[in-house]
Amino acid sequence: MFRHALAAALLAGSLLAGLTPALAESSRLALVIGQSAYRSVMPLPNPANDANAMAKMLGEAGFDVTIVVDLSQKDLNREVGDFAAKIATKGPETVALVFYAGHGLQIDGENYLVPVDVDPRREADIPLQAVRLNDVLNTLNSVPSRMRILLLDACRNNPFPTVSDAGRGLAIVDAPNGSIVGYSTSPGEEALDGRGEHSPYTQAFLNLARQPNLPIEQLFKRIRLQVNQVTDGRQTPWESSSLTSDFTFFGDTLVAAARPA
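Sequence positions are assigned chain by chain, starting from 1 and proceeding in written order. With pLDDT at 70 or above as the cut-off, local features in this predicted model cover only qualifying residues; side-chain atom pairs require 80 or more to be listed or tallied, and sums for whole chains, interfaces and linings still use all residues. With hydrogens and water excluded, all non-hydrogen atoms of the structure serve as input to the side-chain values.

Asker: Quick rundown of the packing of helix H6 (residues 200-208) against helix H7 (residues 216-230)? Include the residues and the values.
Answerer: Comment: axis = line fitted to C-alpha atoms, over the contacting stretch for helices; angle = value between 0 and 180 degrees taken between N-to-C directions. Note on conventions: DSSP H or I runs of at least 4 residues are helices, E runs of at least 2 residues are strands, and numbering of each starts at the N terminus. Interhelical geometry of H6 versus H7 gives an angle of 130° and a closest axis separation of 9 Å. One element, H6, and the other, H7, form an angle in the oblique class. When the axes of H6 and H7 are compared, the crossing they make is right-handed. Note on element contacts: H7 touches H6 through Leu219, Phe220, Arg222, Ile223, Gln226, Val227 and Val230, opposite Pro200, Tyr201, Gln203, Ala204, Phe205, Asn207 and Leu208. The classification used treats Ala, Val, Leu, Ile, Met, Phe, Trp, Tyr, Cys and Pro as nonpolar, Asp, Glu, Lys and Arg as charged, and all other residues, Gly among them, as polar. Grouping the constituent residues of the contact of H6 with H7 by class yields 10 nonpolar, three polar and one charged. Any angle that is under 35 degrees is reported as roughly parallel, and any over 145 degrees as roughly antiparallel; angles of 65 to 115 degrees are reported as roughly perpendicular and all others as oblique. The hand of a helix crossing depends on one turn: near helix anticlockwise from the far one by less than a right angle means left-handed, and clockwise means right-handed. Note on contacts: a residue pair qualifies if any of its non-hydrogen atoms lie within 4.5 Å across the two residues.

Asker: Explain the pattern of salt bridges to me, using residue names and the numbers behind them.
Answerer: In what follows, salt bridge is the name for a side-chain nitrogen of Lys or Arg lying within 4 Å of a carboxyl oxygen of Asp or Glu. According to the stated counting rule, one finds 11 salt bridges in the structure shown. Of the charged contacts in the structure, one is a salt bridge between Glu93 and Arg146, with a shortest N-O distance of 3.8 Å. Separated by 53 residues along the polypeptide, Glu93 in the loop between helix H3 (73-90) and strand E3 (95-101) and Arg146 in the loop between helix H5 (133-141) and strand E7 (147-153) bring together distant segments of the chain. Note on Glu93: relative accessible area 43%, which makes it partly exposed. Put simply, Glu239 and Arg224 hold a salt bridge, and the shortest N to O gap is 2.7 Å. Highlighted residues: Glu239 in strand E9 (residues 238-241) and Arg224 in helix H7, separated in sequence by 15 residues. Burial here depends on accessible area, computed with a 1.4 Å probe over protein chains only, as a share of the maximum for the residue type. Under 20% is buried, over 50% is exposed, and the range in between is partly exposed.

Asker: Go over unusual backbone geometry with me, naming the residues and quoting the values.
Answerer: With the exception of glycine, the majority of residues adopt a negative phi angle, and the majority of peptide bonds are in the trans configuration. The residue Asn213 is not glycine, and still its phi comes out positive at about 60°. Mapped onto the fold, Asn213 is located in the loop between H6 and H7. Judged by relative accessible area, which is 17%, Asn213 ranks as buried. In this structure, Asp232 takes a positive phi of about 55° despite not being glycine. By the secondary structure assignment, Asp232 is in the loop between H7 and E9. In this structure Asp232 comes out as exposed when scored by relative accessible area, which is 68%.

See the structure below:
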């Protein structure tokens, strides 16, 4: 009798242990932002396409996805705040991902995400009209979560002729603890919007992220290689990472963690 009870307890324990990774992966939230319809400068053709395709892929990867396009400064701030509140509701085991496609600018070493309603007359207008990247990171970091992933397809050219003093591309920002920030190109460089339906960075992500049991660090390395190849060396994605746990978009995170680097 005791042996049977012990065997049943061990079996139950093993089943619970087997469920642990799935439970840990059960809370996946994504905010996907595509900024195409800029009002004061030429619209960007691909960010809306990139956002729709990324939202579809992330949904297939088990994320609860919120997709928003063509946001004003007020709307962009509101969506980031609402997303943080949603993370807090889901709990500290949540994997939170933000994807942004659109214009981004660097002013005095600070990175800004550019809403569609900006109309700057001078460099000093950007901090007043845009959304500071560090504010987005701080908002996400203010609520407990297992991991934060920020993907920035935002290093396109500066489209504002009145903001001639803006730095080229984006500056690398150190990722907060438990986070990874992916940039579509290297510091101080500009990314391509792409001649096809998607930017080179988003297209590489869509091509490679579905591979099962691929650790996120290896995924970014393969994306870097593919983008560099398809752009003939003109664009090389970068990351800043301080991840403290393992993650894979598709497959079993424990299997991915056991793979050699």
